[in-house]
Amino acid sequence: MTLFDLAKKNIQGNFSNYSVYFLSMVFSIIIYFTFVSLQYNEKIQQSILLSNTMNFLFMASSLLLLLFVAVFILYSNSFFTRNRKREVGLYSLLGLKKKTIGKMLFYENFLMGMLALVVGIIFGTLLSKLFTMILVKLMGSSAEIEFGISIEAVGQTILVFLIIIIITSIQGYRLIYRFKLVELFHAAKKGELTPKVSIGSTVLGLLLLVVSYWLILRSFPEKLTEGYIFANYGIALVSMVIGTHLFFSSVVISLLKLYKRNKGRYYKGTNLIGTSQLLHRIQGNARTFTMIALLSAVTISLFGAAYSGYYGNEKNSFEMVPFSYSHQSKGDEFDDQIEGLIQADKEHPITAKVELPIVEVEGQLTFTFSYEATAMKLLPEKAYNEVVKALQTGEFVSLSEDEAIAIKPRLTEYNSSLFKGEQLHLSDEMHELTFVDMLEGSVLPFDYPDFYIIVSDEFFTEIANDIKPKLYKVYEVEGEKSTAVTSEKINQLVGKEDFQVYPSFYTEYKEGKEGNALTLFIFGFLGLVFLAATGSIIYFKQLTEANETKTSYEILRKIGVNKRAVRNTIHMQTLFIFGLPLTVGIVHSSVILNFISNFISDLIGANVIVPIVTAMAAFIVIYIGYYILTVHTYNKIANK
């Protein structure tokens, strides 16, 4: 029997232990193949507005995925090699040289990797149409998806993963030279390095986490500078990473030791065995749990933020561009050309047309206003009421000559109490207005500074005699989410000269939906890969423990402990091992998402609680699946 045959036989005999690792690797290859296939899909690129952005995002995410997969495979290889030290020691006793054993391990990893690569490409090809349809559906594209095989994607996937497989196989080959024969036979007795536990490290761990949370959650300063961002959130990040590690290596250990002092509960049933094993496992795996908790927090936060953006895209687009089409009047010929294009689109008839005269003035406010107010835009109440009628949002207003109502500047957090009773003194020192309220909403596409003030028709007429108003024409049409052709023509004529965003609602809505759909798709699938990998790592760890503690459980059964009690102990230990890093990750992500949701809510004006809870629930459900699988396998090994 050749070494190659022996490697194949070892894979077949241990495939049940390798299955989760194998499936995680296959899934990673499928996702990478999907990302690369979409990069080369010309039909998708032609059907969306953000084709260049799509290529960049998929290229960047592919590189991130490769980096993560490479680290995951290297970690898994070292784990499997450590788990098989006794087997390797037996080969050495039988006379096999380390070079020969290393070759065998190289062949095993290489065969496993090549098998995963073949299976991944086959399933990636079969599932590529499904994944592409999901992306197209999310983006709202009308592209027709056909089944096809991208030769470029197949070639690129084979090349990059072949390199990873060869490098990790060589790493497995070199790993065998690090162990001595005595170490190989005492592998089960040799645990990982355990950090020392002290009151100082316990308190420091909790303090660092509290500090990181406080830095993340505290309010923005009036002037948000780059220096503040890097200093504040840089310190928060470092504090969270170090605090998380100290939490697992010190705080949890201290809590378990406190639990041991409760003699009544500690010596009840199998709690003594379970608590002792947890102490050892938590200490030995502090770095692993830290990595899993932080990775879970980042993944949940990114997915939650992406889903929040997608969830609130329509409302954000309406806030940025309230009407279907908007433009500044530039003469009868230009205005007639714009209106002619809109009227020619019979599938989207005009439901409302409003002319908005705007006068830009300078003045002094009687209160501290941190927003740019050098160019305040006055709008007559009649025009505003026509906007309310056309959009069917807001309330009609009625003002006396010296009264005014502020419209809340977009992307701000101001409220009506800031304005009520305050005054505006115009620069000519002859006019004075008193604010009676502040309203939310918008009348024209976003253009900074975005400070609109509604005034009475009489006051506006008086001001317009001195300052010539700018006239804007806005149109509302039926089915504005599907006005692709007309919007393109309007965009070409108007451009971004009048506003800082596109003059058509469709373009703002479509680009926002495509961008958010791309990030949601990418973060969703990357999150699944990260979850699969972190779940696999815990699964591997628990399998090792099951094999190492099998003898202990046999002794328990011999002294009268029934299988049900042993199974309950396994359930509780596994729940603790899975639940602890996930809980810490969820708490971290809750803090991060609280910060993100406040920021995004200001941007999109939408409640993002639903997408955030959905993201967390999805991750919890997946971890529950890993937990059930791990308990079943653990019990099968240790409780025969």
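Residues numbered from 1 in each chain as written. Predicted model: local features only at pLDDT ≥ 70, side-chain atom pairs only at ≥ 80, totals over all residues. Heavy atoms only, no water.

Draft legend 1. Structural context of the confidence of the model for the chain. Here the chain averages 80 in pLDDT, and 84% of its residues register 70 or above. Confidence over residues 190-195 falls short of pLDDT 50; this stretch has 14 contacts with residues more than four positions distant or in other chains. (pLDDT = per-residue confidence, 0-100. Contact = heavy atoms within 4.5 Å.)

Draft legend 2. Main features of the nonpolar core. Phe 35, Phe 58, Phe 161, Phe 247, Phe 248, Ile 282 and Phe 521 are the most contacted members of the largest nonpolar core, which totals 95 residues. A per-element tally of this core places helix α19 (residues 505-548) first, with 18 residues. If you look at the next biggest cluster of nonpolar residues, it comprises 30 residues, including Val 354, Ala 390, Leu 444 and Phe 505. (Core = buried A, V, L, I, M, F, W, Y, C linked by side-chain atoms within 4.5 Å. Buried < 20%, exposed > 50% of the residue type's maximum accessible area, 1.4 Å probe, protein only. Helix = DSSP H or I, 4+ residues; strand = E, 2+ residues; numbered from the N terminus.)

Draft legend 3. Structural context of the environment of Gln 500. In this structure, Gln 500 sits in the loop between α18 (484-494) and α19. According to the relative accessible area criterion, Gln 500 is partly exposed, its value standing at 43%. Residues Gln 500 and Phe 446, spaced 54 residues apart in sequence, show a C-alpha to C-alpha distance of 6.1 Å. The contacts of Gln 500, once residues within four sequence positions are left out, are Phe 446, Asp 447 and Tyr 448.

Draft legend 4. Quick look at the pairing of strand β4 (residues 376-380). Counting buried positions over the 5 residues of β4 gives 5, a clear majority of the element. Side-chain alternation along β4 places Met 376, Leu 378 and Pro 380 on one buried face and Lys 377 and Leu 379 on a second face that is also buried. Taken together, the 3 bridges between strand β2 (residues 350-361) and β4 define a ladder with antiparallel strand orientation. Opposite Glu 360, over in β4, you have Lys 377 as the bridge partner. (Pairing = 2+ DSSP bridges.)

Draft legend 5. The arrangement of helix α6 (residues 98-139) in detail. Leu 127 marks where α6 bends most, by close to 45°. Of the residues one or two after α6, Gly 140 is the one with positive phi, at around 75°. (Bend = angle between axes of the 7 residues up to and from the residue.)

Draft legend 6. Focus on the pairing of strand β6 (residues 423-426). The side-chain alternation of β6 yields one buried face, formed by Leu 424 and Leu 426, and one unburied face, formed by Gln 423 and His 425. Pairing of strand β3 (residues 363-365) with β6, which is carried by 3 bridges, proceeds in the antiparallel orientation. Bridge assignment links Gln 364 to a residue of β6, and that residue is His 425. Inspection of the sheet shows β6 paired to strand β7 (residues 432-439) by 3 bridges, in the antiparallel sense. Bridge pairing in β7 places Gln 423 opposite Thr 434.

Draft legend 7. Spotlight on the layout of surface pockets. In this structure, the second largest pocket spans a volume of roughly 760 Å³. Mapped onto the lining of the second largest pocket, the elements with two or more residues apiece are α4 (51-83), α10 (226-260), α13 (286-311), α19 and α21 (563-604). In terms of residues, the lining of the second largest pocket owes the most to one element, α13, which gives 9 residues. Taken together, the residues of the lining of the second largest pocket sort by class into 27 nonpolar, 3 polar and no charged. (1 Å grid on protein atoms, 1.4 Å probe; cavity = no way out; pocket = protein on both sides within 12 Å on 5 of 7 lines; lining within 4 Å. Points joined across faces, edges and corners; volume = space filled by probe spheres on them. Nonpolar A, V, L, I, M, F, W, Y, C, P; charged D, E, K, R; others polar.)

Draft legend 8. Just the environment of Val 474, in detail. Within the secondary structure, Val 474 is located in strand β9 (residues 470-477). Residue Val 474 is classed as buried on the basis of its relative accessible area, which comes to 0%. The contact partners of Val 474, leaving out residues within four places of it in the chain, are Phe 323, Tyr 325, Ser 326, Ala 352, Lys 353, Val 354, Leu 356 and Leu 444.

Draft legend 9. The environment of Thr 290, seen in detail. Summarising the element assignment, Thr 290 is placed in helix α13. Judged by its relative accessible area of 6%, Thr 290 falls in the buried class. Linking Thr 290 and Thr 244, residues 46 residues apart in sequence, is a C-alpha distance of 5.9 Å. Sequence-distant contacts of Thr 290, defined by excluding residues within four places in its chain, comprise Val 241, Thr 244, His 245 and Phe 248. A distance of 3.5 Å separates the side chain of Thr 290 from the side chain of His 245, its partner in a polar contact. (Polar contact = N/O pair within 3.5 Å; in protein donor to acceptor, adjacent residues only side chain to side chain.)

Draft legend 10. View of unusual backbone geometry. That bond from Tyr 448 to Pro 449 is cis: its omega, 0°, falls within 30 degrees of zero. Tracing the sequence through the fold places Pro 449 in the loop between β7 and β8 (452-455). Residue Gln 392 is not a glycine yet carries a positive backbone phi of 60°. Note on placement: Gln 392 falls in the loop between α16 (381-391) and β5 (403-407).

Draft legend 11. Structural detail: the side chain of Glu 476. By the secondary structure assignment, Glu 476 is in strand β9. Of the side chains with opposite charge, Lys 481 comes closest to the buried, unpaired Glu 476, at an N-O distance of 11 Å. Engagement of the side chain of Glu 476 in a polar contact is seen with the backbone nitrogen of Ser 324, the distance being 3.2 Å. (Lys, Arg positive; Asp, Glu negative; His and termini not counted. Salt bridge = Lys/Arg side-chain N within 4 Å of Asp/Glu carboxyl O.)

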